[in-house]
Amino acid sequence: MSAVAALSDLDREILRLVAEGRTSKEIGRALDRSHYTIDDRLKQVCRLLGADSRAQAAVMLLREEAAAPPLDLGAPPQGRIEAGAGHLPHGREDGGSRHGQGLKDFTTRLTDPRLGQVATRLLLILVGVAAAAFLLANAIEAVQGVFLTVLRG
């Protein structure tokens, strides 16, 4: 079990908000906590993960979540779909309308809870890429500053 897997739901949520670029005060307001509490939890999480910064800890979380095994989208949906979910007013009672059957198939797919899970994972991947790009841009800026300092002598 990895250190990231041992994080509480609150710690995970804090790291997701860090990945969005939010400050401790903004995170505290969003989670109804003091920014001191948020800072303290972030320090504990960084220590637990061996991260040098809150941004690095957030990237570690996003990478682990993105690397989770993919969902099996070929399996039948879990649970039952309520009858009539795709019923058209002009469709036959047996669902025989050619348009009614297409709509029924479409609404069955839309109510599949796995779509929300896929969307969440894609969003986490995008946030991870954005966080990595942000960190890379900061690193490039720091290197440029060093080069300029060296060139100016």
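Within every chain, residues take consecutive numbers counted from 1 along the sequence as written. Where local features are concerned, this predicted model is filtered to residues with pLDDT of at least 70; where side-chain atom pairs are given and counted, the filter is 80 or more; whole-chain, interface and lining totals use all residues. Water and hydrogen atoms were dropped before computing side-chain values, which therefore reflect all heavy atoms in the structure.

Chemist: In this structure, what is going on with the overall build of the protein? I would like to understand it.
Modeler: Segments assigned H or I by DSSP are reported as helices when at least four residues long, segments assigned E as strands when at least two residues long, and all are numbered from the N terminus. When you go through the protein residue by residue, the secondary structure sums to six helices and zero strands. Counting from the amino terminus, helix and strand elements in the protein follow one another as α-α-α-α-α-α. By residue count, 25% of the 153 residues in the protein fall in the buried class. A total accessible area of about 10700 Å² is found for the protein, and carbon and sulfur atoms account for 59% of it. Burial here depends on accessible area, computed with a 1.4 Å probe over protein chains only, as a share of the maximum for the residue type. Under 20% is buried, over 50% is exposed, and the range in between is partly exposed. Calculation of accessible area relied on Shrake-Rupley with a 1.4 Å probe; when residues are assessed, cover is drawn exclusively from the protein chains displayed.

Chemist: I keep staring at the confidence of the model for the protein and nothing clicks. Help me out?
Modeler: The predicted coordinates ought not to be read in detail in places where the model reports low pLDDT. The predictor attaches a confidence to each residue, and that confidence, scored 0 to 100, is pLDDT. In the predicted model, the protein carries a mean pLDDT of 78, and 68% of its residues have values of at least 70. Confidence scores differ between elements of the protein, with helix 5 (residues 98-110) showing the lowest mean pLDDT of 57 and helix 3 (residues 35-49) the highest of 95. The contact rule is simple, with two residues in contact once any of their heavy atoms fall within 4.5 Å. Within the model, pLDDT remains below 50 along residues 83-97, and this stretch shows 14 contacts once partners closer than five positions in the same chain are excluded.

Chemist: Teacher, can you tell me more about helix 2 (residues 24-31) here?
Modeler: Note that an α-helix has 3.6 residues per turn; residues three or four places apart therefore point the same way. Restricting attention to buried positions, one finds in helix 2 the residues Ser24, Ile27, Gly28 and Leu31. Projected down its long axis, helix 2 shows its buried positions confined to an angular sector of 100°, all on one face. Of the residues trailing helix 2, Asp32 is marked for its positive phi of about 55°. Taking the helix axis as origin, the arc is that swept by the directions to the C-beta atoms.

Chemist: Mind showing me how you'd approach the pattern of salt bridges here?
Modeler: Opposite charge on two side chains permits them to pair, given that their charged atoms come into close proximity. Salt bridges are defined as contacts in which a side-chain nitrogen from Lys or Arg sits within 4 Å of a carboxyl oxygen from Asp or Glu. This model, assessed by the stated rule, comprises five salt bridges. For Arg12, the salt bridge identified is with Glu65, shortest N-O distance 3.2 Å. Residue Arg12 is found in helix 1 (residues 9-19), and its partner Glu65 is found in helix 4 (residues 54-66); the two are separated by 53 residues along the sequence. Across this residue pair, the class does not change: Arg12 and Glu65 are buried. For Arg16, the salt bridge is made with Glu65, and the minimal N-O distance between the two is 2.5 Å. In this pair, Arg16 sits in helix 1 while Glu65 sits in helix 4, placing the two residues 49 residues apart along the sequence. Residue classification places Arg16 among the partly exposed positions, given a relative accessible area of 23%.

Chemist: I'm lost on a nonpolar patch on the surface in this one. Help?
Modeler: Patch building starts from residues that exceed 30% relative accessible area and form no salt bridge, then joins like charges within 9 Å and nonpolar side chains (Val, Leu, Ile, Met, Phe, Trp, Tyr) within 5 Å. A surface patch of nonpolar side chains, amounting to about 260 Å² of accessible area, comprises Leu122, Ile125 and Val129. Counting through the fold element by element, Val129 comes out in helix 6 (residues 114-152). On the basis of relative accessibility, which here comes to 52%, the residue Val129 falls in the exposed class.

Chemist: Honestly, the side chain of Ser24 in this entry has me stumped. Any pointers?
Modeler: Looking at the secondary structure, you find Ser24 in helix 2. Ignoring any residue separated from it by four or fewer positions in sequence, one finds Ser24 in contact with His35, Ile38, Asp39, Leu42 and Arg54.

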